[in-house]
Amino acid sequence: MAQSAAPASVSSAAAPAVAPISLKAIAPWAVFFGVLMLVLLYFVGAEQGATSLLSGEDVHEWVHDGRHLLGFPCH
């Protein structure tokens, strides 16, 4: 005979209610991650040549494979 690990019936009263998350709670995190993604996109896509904020080739070498993966030309 097979035995089930789950109870035979689950009442709706036993299930906890899920509280919705307000937009005011999400907005600061969305802005933070949006800015972080834009900074990352800059360093992967444009940090070389005339628009370079940092001198040297260090940033280029660190993100070189990411440039090719995302389709940015760098040679």
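Look a little higher up for the structure.
Residues numbered from 1 in each chain as written. Predicted model: local features only at pLDDT ≥ 70, side-chain atom pairs only at ≥ 80, totals over all residues. Heavy atoms only, no water.

**Some thoughts on the overall build of the chain**
Scanning the chain for helices and strands turns up three helices and zero strands. Counting from the amino terminus, the chain carries its helices and strands in the arrangement α-α-α. For the chain, the proportion of its 75 residues judged to be buried stands at 11%. In the chain, the proportion of contacts linking residues at least 24 apart, taken out of those at least 6 apart, comes to 23%. (Helix = DSSP H or I, 4+ residues; strand = E, 2+ residues; numbered from the N terminus. Buried < 20%, exposed > 50% of the residue type's maximum accessible area, 1.4 Å probe, protein only. Contact = heavy atoms within 4.5 Å.)

**Re a nonpolar patch on the surface**
A cluster of nonpolar side chains, namely Trp29, Phe32, Phe33, Leu36, Met37 and Leu40, defines an oily patch on the protein surface of about 640 Å² accessible area. Turning to its location among the elements, Trp29 is positioned in helix α1 (residues 23-45). (Patch = residues over 30% accessible without salt bridge, like charges linked within 9 Å, V, L, I, M, F, W, Y side chains within 5 Å. Areas by Shrake-Rupley, 256 points an atom, 1.4 Å probe, with all protein chains shown as cover. Salt bridge = Lys/Arg side-chain N within 4 Å of Asp/Glu carboxyl O.)

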